[in-house]
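Structural characterization, general
Listed below are the residues making up each chain.
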Amino acid sequence: MQALLLKRGLDLPLQGAPEARREALAPPARVALTPARIPFIKPRLKVAVGERVKIGSLLCEDKRDPRLRFLSPGGGEVVDIRFGPRRVIDAIVIALETDEAAVEFAPLSEDQISGMARETLVAHLLDGGLWPLLKAFPFRSIAPPDDTPPAIYVGLGGQEPFQARPEVYLQENRDAFTCGMALLGRLAPEVRLGLPAERGETLQALGDLASFEFKGPYPSDDPGVHLYHQKKDPAENRSWFIHAQDLLLLAEFCMTGRYPTRRLVALGGCRVRQPLYLDTRVGVPLAHLAEGRLKTDTEVRYVVGGVLTGYRDTREGFLGWEQTAVTVLPAGEEKEFLGFVRPGARKHSFSRGFLSALRYEPLSMDCNLHGEERPCVACSYCERVCPVGILPQLAYKSALAGEVEESLAHGLLDCVQCGLCTYVCPSKIELCRFLTDAKRTYLEEQTA
Amino acid sequence: MKLLKDFFDDQRPHFEPGGRFARYLPFFEAIETVFFTPAETTPGGPHVRDNLDVKRFMTLVIVMLLPHLLFGMYNTGYQALVAAGQAPGPVASLLIGLYHVLPMVLVTYAVGFFWEVLFAVVRGHGMSEGLFVSCMLFPLTLPPTTPLWQVALGISFGIVIGKEIFGGTGRNFLNPALTGRAFLFFAFPVRMSGDAVWTAATVGVDKAVDAVSAATPLAVAALTPKGGGIAAALHEAGYSFWDLFWGLYPGSVGGTTTWLCLIGAAALCFMKIANYRIVAGGILGVLATGFLFNALAGEGSSPWLGLNPFYHLVMGGYAFALAYMATEPVSGPDMDAARWVYGFLIGALTLLIRVFNPAFPEGAMLAVLFMNLFAPLMDHVVVQTRLRKRMVNV
């Protein structure tokens, strides 16, 4: 098997990694779809408060491409539609009934999938509302249904603290995963799966599906990083990718003919008493997920997703459709007396400017910025952690100056938005956000 | 501590927009953040951040400079006592040094701080901590006899022209401390060179009777006659290689001690605060150029050509300039390949100046400033080469 040895990146020694222990969570009273958290869509609402919906009923669609449908993760009554600033649809909340009705789709066997015309399969996935889980490089937007990509990369995830780890969510799911891989094989000429070089039995069993193995610090598991290091031709920049856990949903949908609602969620972070995996539903309320599981002595921040790439939410929020991790961190609003001259035996840094450099141990980290914004001092830390060889300290300047050509030459579109450049920056510059914004602006200019 | 926190919390509203002293917010924040880290949290992902900030970054450099300051004080007092023909006891040396050096440091900080606050208030941006490093470096590069008004003038030039008019720390293309030092060197050559300036007078001893002040090693070397060996001349003047290494000889306040520079550079490189590529390049540059000169040396050529290159590393302010000035990240290059070249050329240029133009014995200062000017060009070449290798993605 081809081996990919990746050197650049960074593993955060963060406390609170979920134990590989699964627990079934009591059914929630409500679930929700959160359209505002699905990037690059303009949702058009298709239900009203008070309406009754089934699992798999249409809740909203994309105004630009109505074939992109977003379906209900539960059966019951729509009790609330929350709007955010400028009337973005924050959440469509459904109160669940005890026996939920579900929309029936045609189940497909593996033979049927392999015998099907590609268009029929695409239409089936669009109809079943799962197509938007397929993403396209370089913008990480929803895959355009009319295109055929040169390849589809499957990302296992799990390196970022604290995404669900593949050896946990793939346990007992090998059949579904194989079916999913077969399904992708119908969509693209090539499906590329990378396995970590050090892997347990669960992943070892997938050996025949994999095309390469990788080794390295976070984000060496990112499909964008794999693409960057393996592409031989610029045409491959338009490849697609999907996260393995989402692929399981696709497979479940095809095999059962029902819109999938189960999710395995990793609950981690140093404010969680016993970090673990929870078997629960798509769109579960965060309060339900965290109920009785948090240490209660300090203010906390709910991060949906990993600590580097996830988004911030409140206790009242819901788990996003595409998300499978919740990390609870200390809010970090306290001022520290003479913080900048302390030896810092328990303060992590990419530099070795603290005593923590002398030994490796998991540390507690909070959401404090640990400093104030300053002009770039050319320390090159961002360059040293960038997994795709961008010079973030120069690329962000050209992005901010609106120099599109120059930022593209710097590899703006190769950026995998891993967040490491922002993490290490001693000047506290939001490098990753500037690059991500520049990508979005460029996409909007392209499609306008 | 609680008291202090309450005090700052009470005063803060006056400095925030709408308060009486809203303009002086940068000043207030500069003082407050010395005592308390700011409470600011991350706006979004990444939700956790590295603990290193620019304040810590700069503080670590200052921490490495403190031994230089201490040793510089001791050495200043020591040389003053020796020149006055008295026994240089450790306590007396330190006290006399303190008397000479502390006012210079205080004046530098007061004047530098004034300019930084002024520009921060007028421009409405935060105060940057780079200032504190510049103000620590500057007096260490001066002769201990520099009059205080020249100290004030030099640091003013360094901070204002070397940094602030370009936008402050992060946007300066010259090393501010060296800019100030170079200004004094060219504006007041009499006070900045020659034999008399490097040894401070002992308290109570008139400068006029102080006739036995020793020549600096660079001066000894410059006066070596043709065909003579510099190493031998240095030996005769009482400077063995190891004397130069340990640094107990007349010179600038902080720049004589090679061993402290070695420790400082090693520590800063280990902590990834300074870039080891520049330091290694600088050492290689001196050795390579030095050995090349040795090969060129013949009968009757300048004695400098034949000098063992290792002497160059321990003489004058080269080690100090390389450890603390060349490694300043902002005015140096951004690219690793350029850092090797930059360091190497600083070493080569220092030797070129020393060997072929002994009128400027302090070649290191000019070499660093000169290479500061070339850093953007070197970066440009490296960046363009690197970008051409990227597979296009548009």
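Relevant structure appears above.
Residues numbered from 1 in each chain as written. Chains lettered and ligands numbered in written order. Predicted model: local features only at pLDDT ≥ 70, side-chain atom pairs only at ≥ 80, totals over all residues. Heavy atoms only, no water.

Notes on the overall build of chain B
A tally of regular secondary structure across chain B gives 17 helices and 0 strands. Structurally, chain B occupies a C-alpha span of about 75 × 65 × 35 Å along its principal axes. The buried share among the 394 residues of chain B stands at 57%. A separation of at least 24 residues holds for 71% of the contacts in chain B among residues at least 6 apart in sequence. In the structure as shown, chain B presents an accessible area of about 15900 Å², 72% of it carried by carbon and sulfur atoms. Considering chain B, the positive charge centre built from 23 side chains and the negative charge centre built from 23 side chains are found 7 Å apart. (Helix = DSSP H or I, 4+ residues; strand = E, 2+ residues; numbered from the N terminus. Buried < 20%, exposed > 50% of the residue type's maximum accessible area, 1.4 Å probe, protein only. Contact = heavy atoms within 4.5 Å. Areas by Shrake-Rupley, 256 points an atom, 1.4 Å probe, with all protein chains shown as cover. Lys, Arg positive; Asp, Glu negative; His and termini not counted. Charge placed at Lys NZ, Arg CZ, Asp CG, Glu CD.)

A look at the sheet that holds strand β6 (residues 58-62) of chain A
Residues and elements named next belong to chain A. Pairing within the open sheet is antiparallel, and its 3 strands lie in the order β4-β6-β7. Either end of the sheet is taken by a strand with one partner, and the two such strands are β4 (43-45) and β7 (69-71). Ignoring strand direction, the axes of neighbouring strands in this sheet form an average angle of 30 degrees. Note: β6 against β7, 3 bridges, orientation antiparallel. Within β7, the position partnered with Cys60 by the bridge is Phe70. (Pairing = 2+ DSSP bridges. Axes fitted to C-alpha atoms, helices over the stretch in contact; angles between N-to-C directions.)

Let's talk about the interface of chain A and chain B
Taken together, the contact between chain A and chain B spans 79 residues of the former and 60 residues of the latter. When chain A packs against chain B, close to 6300 Å² is buried across both sides, 53% of that on carbon and sulfur atoms. Broken down residue by residue, the surface that chain A buries against chain B is led by A:Lys335, A:Phe340 and A:Arg352, which jointly contribute 13%. Linking chain A with chain B are 7 salt bridges, by the criterion used here. A salt bridge links A:Arg384 to B:Asp336; the nearest nitrogen and oxygen atoms lie 2.8 Å apart. (Buried area = accessible area lost by both parts, 1.4 Å probe. Salt bridge = Lys/Arg side-chain N within 4 Å of Asp/Glu carboxyl O.)

Things to note about the pattern of salt bridges
Residues and elements named next belong to chain A. Considering all chains together, one arrives at 41 salt bridges over all chains under this definition. In this structure, Arg52 engages Glu97 in a salt bridge whose closest nitrogen and oxygen atoms are separated by 2.1 Å. Here Arg52, found in strand β5 (residues 52-53), pairs with Glu97, found in the loop between β9 (89-96) and α1 (110-115); they are 45 residues apart in sequence, far enough to count as distant. Residue class for Arg52 comes out exposed when judged on its relative accessible area of 61%. Classification of Glu97 by relative accessible area gives partly exposed; the value is 29%.

What about the packing of helix α2 (residues 118-127) of chain A against helix α4 (residues 174-187) of chain A?
All names here are of chain A. Their axes nearest at 9 Å, the elements α2 and α4 cross at an angle of 120 degrees. With respect to α4, the axis of α2 lies oblique. Every pair of crossing elements has a handedness; the one defined by α2 and α4 is left-handed. Packed against α2, whose contacting residues are Arg118, Leu121, Val122 and Leu125, the element α4 presents Leu183, Arg186 and Leu187 at the interface. (Parallel < 35°, antiparallel > 145°, perpendicular 65-115°, else oblique. Left-handed = near helix turned anticlockwise from the far one by under 90°.)

Re the packing of aromatic side chains
Two descriptors summarise a pair of aromatic rings, namely the distance from one centre to the other and the angle between the planes of the rings. Under the criterion given, the structure shown has 34 aromatic pairs over all chains. Between B:Phe241 and B:Trp242 the ring centres are 5.2 Å apart and the planes differ by 85 degrees, which places this aromatic pair in the edge-to-face class. Taken together through their ring pairs, the aromatic side chains of B:Phe71, B:Tyr74, B:Tyr78, B:Phe241, B:Trp242, B:Phe245, B:Trp246, B:Trp259 and B:Tyr311 make up a single cluster. Against the face of A:Phe83 rests A:Arg87, its NZ or CZ located 4.1 Å from the ring centre. Positioned above the aromatic ring of A:Phe350, the side-chain terminus of B:Lys272 is 3.9 Å from the ring centre. (Phe/Tyr/Trp six-rings, centres within 6.5 Å; stacked < 30°, edge-to-face > 60°. Lys NZ or Arg CZ within 6 Å of the ring centre and 35° of its normal.)

What to know about a positive patch on the surface
Residue and element names in this part refer to chain A. On the surface, a cluster of positive charge is made up of Lys42, Lys63, Arg64 and Arg440. Following the sequence through the fold, Lys63 ends up in the loop between β6 and β7. Looking at Lys63, the relative accessible area reads 46%, which means it is partly exposed. (Patch = residues over 30% accessible without salt bridge, like charges linked within 9 Å, V, L, I, M, F, W, Y side chains within 5 Å.)

Some thoughts on the sheet that holds strand β14 (residues 212-215) of chain A
Residue and element names in this part refer to chain A. An order of β1-β14-β13-β12-β15-β10-β11 is seen for the 7 strands of this open sheet, with the pairing classed as mixed. Looking at which strands have only one partner, the edges of the open sheet turn out to be β1 (2-5) and β11 (141-142). Sheet topology places strand β10 (residues 135-136) next to strand β15 (residues 240-243); 2 bridges connect them, and they run antiparallel. Within the sheet, the bridge partner assigned to Lys135 lies in β15 and is Phe241.

A word on the side chain of A:His348
Along the chain, A:His348 falls in the loop between β20 (325-330) and α9 (381-385). In terms of polar contacts, A:His348 uses its side chain to reach the side chain of A:Tyr423, at 2.6 Å. Beyond its immediate chain neighbours, meaning those up to four positions away, A:His348 contacts A:Leu10, A:Leu12, A:Pro13, A:Ser356, A:Leu363, A:Met365, A:Tyr423, B:Asp50 and B:Asn51. (Polar contact = N/O pair within 3.5 Å; in protein donor to acceptor, adjacent residues only side chain to side chain.)

Considerations on the environment of A:Leu289
Residue and element names in this part refer to chain A. Relative to the elements of secondary structure, Leu289 occurs in helix α8 (residues 286-290). Taking the C-alpha atoms as reference points, Leu289 and Val326, 37 residues apart in sequence, are found 8.7 Å from one another. Contact partners of Leu289, with chain neighbours within four places excluded, come to Leu25, Val265, Leu267, Leu278, Thr280, Val284 and Val326.

Describing helix α6 (residues 148-162) of chain B
Residues and elements named next belong to chain B. Taking 1.5 Å per residue, 15 residues should reach 21 Å; α6 reaches 20 Å between its end C-alpha atoms and fits that length. Buried within α6 we find Gln150, Val151, Ala152, Gly154, Ile155, Ser156, Gly158, Ile159, Val160 and Gly162. Of the surrounding elements, those touching the buried residues of α6 are α4 (90-123), α5 (130-140), α7 (176-187) and α8 (189-192). (Expected span 1.5 Å × (residues − 1).)

Re helix α7 (residues 244-256) of chain A
Residue and element names in this part refer to chain A. With 13 residues, α7 ought to run about 18 Å at 1.5 Å a step, and its terminal C-alpha atoms sit 18 Å apart, in line with that. The element α7 is largely enclosed, with a buried count of 10 among its 13 residues. Ala244, Gln245, Asp246, Leu247, Leu248, Leu249, Leu250, Ala251, Phe253 and Cys254 are the residues of α7 that are buried. Looking one or two residues beyond α7, the residue adopting positive phi is Gly257, at roughly 75 degrees.

A look at the pairing of β15(A)
Relative to β15(A), strand β12 (residues 152-155) of chain A is paired through 4 bridges, and the arrangement is parallel. Note on β15(A): the bridge partner recorded for A:Tyr153 is A:Phe241.

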